[in-house]
Amino acid sequence: MALLSILRYPDPRLHNIASPVTAFDERLKKLVADMAETMYDAPGIGLAATQVDVHEQVIVIDVSEARDQLQVLINPEIIWSSDDRQVYEEGCLSVPGIYDGVERPSRVRVRSLDVEGYPREFDADGLLAVCVQHEMDHLKGKVFVEYLSLLKRNRIKTKLQKEERELKRDKPAMAAR
Ligand code: QAP
Ligand code: CO
């Protein structure tokens, strides 16, 4: 297993559209295992392949308290959404340190494949519903900050670009120690 590096907003690769998975092979199993390890290490509750620069429809989620309920969604589709909506304070491993409210349908019905390629269908509400929709947005090239006002999004962009510059500037100094 290996930790993967996570793309940070506003990296343009976060806007790539993911292709469906067609081969349920060892390579897919390794990608899923590495994504799960990366999510647990972060720690996060969800990670889409887009965020680790792999543009295929693969998502890992664990919203459990004990961190022992890994869900793997391959080629997911939302086949029903509720009319009622909820606002949830979202964050994202690709947008570190930023949290803001996003309104989405409260409940969704999801159809997806597991890592072996077998279909599954489930209903999600609460945090799981938020997480599934947030991660599926990543596969379509959408980051949660795109639901916020242009003013907020530009502030977030500027802040993260500044942090990125500082990170890069600190790297050579660390190597020289
Ligand atoms: C998406 O997000 C999500 O800023 C998953 O410094 C978020 O795991 C779904 C994280 C909210 C539903 C509700 C974010 C970790 C993790 C940060 C995450 C950070 C460290 C975010
Ligand atoms: Co995210």
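What comes next concerns the included structure. Please read these numbers as outputs of a predicted model, since none were measured by experiment.

With that out of the way, let us pick up the overall build of the protein. When helices and strands are counted, the protein shows 3 helices and 7 strands. Taking 2.2 N^0.38 as the reference for a compact globule, 177 residues should give roughly 16 Å; the C-alpha atoms of the protein span a radius of gyration of 17 Å, in line with that estimate. Principal-axis analysis of the C-alpha atoms gives the protein an extent of 50 × 40 × 30 Å. Split into buried and exposed, the 177 residues of the protein put 41% on the buried side. Here the analysis covers contacts within the protein between residues at least 6 apart in sequence; of these, 65% occur between residues at least 24 apart. Working note: accessible area of the protein is about 9700 Å², and carbon and sulfur atoms make up 52% of it. Averaging the locations of the 25 positively and 30 negatively charged side chains of the protein gives two centres separated by 8 Å.

What follows is about the site of ligand 1. Around ligand 1 there are 18 residues in total, and Gly44, Ile45, Gly91, Gly97 and Tyr99 lie nearest to it. Within the contact set of ligand 1, an oxygen atom lies 2.8 Å away from a backbone nitrogen or oxygen of Ile45. Coverage of ligand 1 by the protein chains reaches 83% of its 500 Å² of free accessible surface. More than half of the atoms of ligand 1 fall within 2 Å of the grid points belonging to the largest pocket. For the shell around ligand 1, a count of residues per class yields 11 nonpolar, 5 polar and 2 charged.

Turning our attention to the pattern of salt bridges. In total, this model carries 17 salt bridges according to the counting rule given. In this structure, Asp11 and Arg13 form a salt bridge, with 2.8 Å as the shortest nitrogen-oxygen distance. Given the relative accessible area of 37%, Arg13 is considered partly exposed. The shortest N-O distance in the salt bridge between Glu116 and Lys29 comes to 3.8 Å.

This brings us to helix H1 (residues 26-41). Since the α-helix turns once every 3.6 residues, residues separated by three or four places project in the same direction. Over its 16 residues, H1 extends 22 Å from the first C-alpha to the last, a length consistent with the 22 Å expected when each residue adds 1.5 Å. The set of residues buried in H1 consists of Leu28, Leu31, Val32, Asp34, Met35, Ala36, Thr38 and Met39. The secondary structure elements touched by the buried residues of H1 are strand E1 (46-48), strand E2 (58-61) and strand E3 (71-81).

Right, let's talk about the packing of aromatic side chains for a bit. Enumeration over the complete set of coordinates arrives at 0 aromatic pairs. Between Lys142 and the ring centre of Tyr147, over which it is positioned, the NZ or CZ distance is 4.1 Å.

Turning our eyes to something else, we now look at the environment of Ile6. Tracing the backbone shows Ile6 in the segment before H1. Assessed through its relative accessible area of 25%, Ile6 is described here as partly exposed. Counting along the chain gives 32 residues from Ile6 to Thr38, while the straight-line C-alpha distance between them is 8.5 Å. Other than its neighbours up to four places away in sequence, Ile6 contacts Thr38, Leu47, Gln51, Val52, Leu93 and Ser94.

Parameters at a glance
Residues numbered from 1 in each chain as written. Chains lettered and ligands numbered in written order. Predicted model: local features only at pLDDT ≥ 70, side-chain atom pairs only at ≥ 80, totals over all residues. Heavy atoms only, no water. Helix = DSSP H or I, 4+ residues; strand = E, 2+ residues; numbered from the N terminus. Rg over C-alpha atoms; globule rule 2.2 N^0.38 Å. Buried < 20%, exposed > 50% of the residue type's maximum accessible area, 1.4 Å probe, protein only. Contact = heavy atoms within 4.5 Å. Areas by Shrake-Rupley, 256 points an atom, 1.4 Å probe, with all protein chains shown as cover. Lys, Arg positive; Asp, Glu negative; His and termini not counted. Charge placed at Lys NZ, Arg CZ, Asp CG, Glu CD. Near = heavy atom within 4 Å. Polar contact = N/O pair within 3.5 Å; in protein donor to acceptor, adjacent residues only side chain to side chain. 1 Å grid on protein atoms, 1.4 Å probe; cavity = no way out; pocket = protein on both sides within 12 Å on 5 of 7 lines; lining within 4 Å. Sits in = over half its atoms within 2 Å of the grid points. Nonpolar A, V, L, I, M, F, W, Y, C, P; charged D, E, K, R; others polar. Salt bridge = Lys/Arg side-chain N within 4 Å of Asp/Glu carboxyl O. Expected span 1.5 Å × (residues − 1). Phe/Tyr/Trp six-rings, centres within 6.5 Å; stacked < 30°, edge-to-face > 60°. Lys NZ or Arg CZ within 6 Å of the ring centre and 35° of its normal.

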